[in-house]
Amino acid sequence: MMLTSNMKSNFVIFIVMADREAIFYRNIGNLIKNKNIEPIYLSFNQMSNHLFDNDDIFLDYYTQSVEKYDLNINDKEILGSINHEAETYKLKKNKIIKEKYKNYRLKTFSILKNIKERCEGSILIVQELGGFISQLSVFFSSQELKIEHLFLEPSFFSGKIFINKNTLLAPEIDSRKNTNEKTTNFVSNYLNQIVSNRNVVSPDKDKRHFKKMGIKKYFNFENLKKLIKKLLGKYIFRKKFEFSYLFTYSMIFVARYFNWLLSKKYYKKLSLINNNNINNNVYFPLHVPNDYSLTVRSPKYNHQYDIAKRLAQICKNKKLNLFIKEHPAGIGDFKLSEVKSLVGNG
């Protein structure tokens, strides 16, 4: 279904990046129709187009026309918005990627402005939290057009999410205002359960990253099937989608596997370390490499090796023991030379 003039409903624009989102948002869309709210699906993944029906208001980003607008996009916005994509795919932060952001920003602004001018009711944009150019261009265009925007962010608490309204930042929780005995007991019991059961809280789409490190973690039938599907979609069926740096992204995980393989002899089990004075220990758990929390919210801390190296030198000077724990989803992210450098500082 196409957009028409003077549409009087209230609208929710769902940003679709992958098949799972298309299915999830369509299910929500069908529910909100019963509340006189009309869903609009703006898709950045042509491989998901078949999941929508003719009666859906569906917009394929890549086939939309663009009207020319003189947008004042400052350097701070551009550099902040390309960082996640550049770091994730090991791209140079050069003119090419900056122009990509400007083009996406202009096009998303044009699409959203067109929707706003045709719709007489309220408009809300909903998308999964992410720092890629497509996602951030939608966010900044929505803010410029004064359209309400929600980022859905996974929570530490299983089955729950944070809803971040008109912000890239993490939600702030004021314990003085929001704490009561019931909440305190729930959180305490939940944390104790996590520790005792050693549960890993992660979205279903990320569970494969938490598998035990080894050749089967990356080189398996499931990953091969996904790669073949994307290769066929991109090169045979000429479909456009955002996560399309297929060779580059694959080689990152190949490199991680071999980094881990070459660095294995430098790993130590805590149970085998004789250290009676726990007050002399410093524990540094690494974050997920190139996670949104680093690349968008705290870019100066994104290169964790630099932090670990500095910390290792401080601990050495103060005669403290430094224990560095890799994130399960980022084992092998440090090169062999980096691991040897850190061990040499210990």
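Preceding this paragraph is the structure being described.
Residues numbered from 1 in each chain as written. Predicted model: local features only at pLDDT ≥ 70, side-chain atom pairs only at ≥ 80, totals over all residues. Heavy atoms only, no water.

Enquirer: Any chance you could explain the environment of G130 here in plain terms?
Expert: Within the element layout of this structure, G130 appears in the loop between β4 (123-128) and α4 (133-144). As a C-alpha pair, G130 and L286 span 156 residues in sequence and 20 Å in three-dimensional space. Those residues within four positions of G130 in sequence are excluded, and the remaining contacts are Q135, L136, F151 and Y292. (Helix = DSSP H or I, 4+ residues; strand = E, 2+ residues; numbered from the N terminus. Contact = heavy atoms within 4.5 Å.)

Enquirer: Sorry, what's going on with the side chain of S142 here?
Expert: In this fold, S142 is placed in helix α4. Polar contacts involving the side chain of S142 include one to the side chain of Q143, which spans 3.2 Å. For S142, the residues in contact, after removing those within four places along its chain, are L112, I125, I147 and H149. (Polar contact = N/O pair within 3.5 Å; in protein donor to acceptor, adjacent residues only side chain to side chain.)

Enquirer: Sorry, what's going on with the packing of helix α2 (residues 75-88) against helix α3 (residues 95-118) here?
Expert: For the pair α2 and α3, the least separation of the axes is 10 Å and the interaxial angle reads 110°. Taken together, α2 and α3 sit at an angle that is classed as roughly perpendicular. As α2 runs across α3, the sense of the crossing is right-handed. Where α2 abuts α3, its residues E77, I78, L79, S81, I82, E85 and A86 lie against I97, K98, K100, Y101, K102 and R105. (Axes fitted to C-alpha atoms, helices over the stretch in contact; angles between N-to-C directions. Parallel < 35°, antiparallel > 145°, perpendicular 65-115°, else oblique. Left-handed = near helix turned anticlockwise from the far one by under 90°.)

Enquirer: Help me out: how do you make sense of the packing of α3 against α4 in this one?
Expert: For any two helices packed against each other, the geometry comes down to the angle between their axes and how far apart the axes lie. Between α3 and α4, whose axes approach to 8 Å, the crossing angle comes to 50°. Overall, the two elements α3 and α4 adopt an arrangement that is oblique. Regarding α3 and α4, the two cross each other, and that crossing is right-handed. Residues I97, K100, Y101, Y104, R105, T108, F109 and L112 of α3 pack against I133, S134, L136, S137, V138, F140, S141, S142 and E144 of α4. When the residues that make up the contact of α3 with α4 are grouped by side-chain class, the tally is 9 nonpolar, 5 polar and 3 charged. (Nonpolar A, V, L, I, M, F, W, Y, C, P; charged D, E, K, R; others polar.)

Enquirer: So what exactly am I meant to see when it comes to the pattern of salt bridges here?
Expert: Side-chain pairs of opposite charge can arise whenever the charged atoms involved come near each other. Evaluation of the coordinates by the stated rule reveals 15 salt bridges. Across the salt bridge formed by E99 and K102, the nearest N and O atoms sit 3.6 Å from each other. Highlighted residues: E99 and K102, both in helix α3, separated by 3 residues, approximately one helical turn. Given the relative accessible area of 30%, E99 is considered partly exposed. The network of salt bridges with shared partners includes R26, K33, D53 and D56. (Salt bridge = Lys/Arg side-chain N within 4 Å of Asp/Glu carboxyl O. Buried < 20%, exposed > 50% of the residue type's maximum accessible area, 1.4 Å probe, protein only.)

Enquirer: Can you walk me through the nonpolar core in this structure?
Expert: One recurring pattern in soluble globular proteins is that nonpolar side chains are buried together. I13, I15, L42, F44 and I115 are the most contacted members of the largest nonpolar core, which has 31 residues in total. Among the elements of the structure, β1 (10-16), β2 (37-43), β3 (57-60), α2, α3, β4 and α4 are those that each provide at least two residues to this core. Once residues lying within four places of it in the same chain are set aside, the contact partners of F44 are I15, V16, M17, Y61, Y62, Y104, T108, S134, V138, K240, F241 and E242. (Core = buried A, V, L, I, M, F, W, Y, C linked by side-chain atoms within 4.5 Å.)

Enquirer: For this particular structure, what's the right way to read unusual backbone geometry?
Expert: Generally, phi is negative for residues other than glycine and the peptide bonds are trans, each holding for most cases. Positive phi, normally seen in glycine, also occurs at K146, with a value near 60°. Within the fold, K146 resides in the loop between α4 and β5 (148-154). Exposure remark for K146: the relative accessible area of 72% places this residue in the exposed category. The backbone of N166 shows a phi angle near 55°, a positive value even though the residue is not glycine. For N166, the location among the structural elements is in the loop between β6 (161-165) and α5 (175-178).

Enquirer: Before we go on, may I ask you to explain the pairing of β2 in this structure?
Expert: For a regular strand, the rule is simple: side chains alternate between the two faces of the sheet. Taking burial as the measure, the 7 residues of β2 include 5 buried ones, the bulk of the element. Relative to β2, β1 runs parallel, the two being bridged by 7 bridges. Along β2, the bridge assignment pairs F14 with Y41. With helix α1 (residues 19-33) bridging β1 and its parallel neighbour β2, the resulting β-α-β unit is right-handed. Across 4 bridges, β2 lies against β3 in parallel orientation. Considered in β3, the bridge of I40 is made with I57. (Pairing = 2+ DSSP bridges. Right-handed = clockwise from strand over helix to strand, strands pointing away.)

Enquirer: For this particular structure, what's the right way to read the sheet that holds β6?
Expert: Across a sheet, paired strands are connected by hydrogen bonds in the backbone, their directions being either parallel or antiparallel. With respect to topology, 6 strands assemble into an open sheet ordered β3-β2-β1-β4-β5-β6, the strand pairing being mixed. The sheet terminates laterally at β3 and β6, the two strands that pair on one side only. Strand-to-strand, the axes of this sheet are offset by a mean angle of 25°, without reference to chain direction. In this sheet, β5 lies alongside β4 in parallel orientation, the contact comprising 5 bridges. Within β5, the position partnered with Q127 by the bridge is F151.

Enquirer: I'm lost on the environment of S158 in this one. Help?
Expert: Position of S158 among the secondary structure elements: in the loop between β5 and β6. S158 sits 142 residues away from V16 along the chain, and the two C-alpha atoms are 23 Å apart.

Enquirer: What's the story with the packing of aromatic side chains in this structure? I'm lost.
Expert: For any pair of aromatic rings, geometry is given as the distance between the ring centres together with the angle between the planes. By the definition in use, this model includes 28 aromatic pairs. Both rings, one in Y89 and one in Y249, keep their centres 5.5 Å apart while their planes meet at 70°; by these two values the pair is edge-to-face. On the criterion of sequence distance, the pair formed by Y89 in the loop between α2 and α3 and Y249 in helix α9 (residues 246-263) is long-range, its members being 160 residues apart. Owing to a relative accessible area of 4%, Y89 belongs among the buried residues under this scheme. Judged by relative accessible area, Y249 falls into the partly exposed class, the value being 34%. When the centroid spacing of 5.9 Å and the interplanar angle of 40° are considered together, the rings of Y257 and W260 count as tilted. A residue pair is termed a helical-turn pair when its members lie 3 or 4 positions apart in one helix, as Y257 and W260 do in helix α9 at 3 residues. For the residue pair Y257 and W260, the accessibility class agrees, reading buried in each case. K107 extends its terminal NZ or CZ atom over the ring of Y61, reaching a point 4.7 Å from the ring centre. (Phe/Tyr/Trp six-rings, centres within 6.5 Å; stacked < 30°, edge-to-face > 60°. Lys NZ or Arg CZ within 6 Å of the ring centre and 35° of its normal.)

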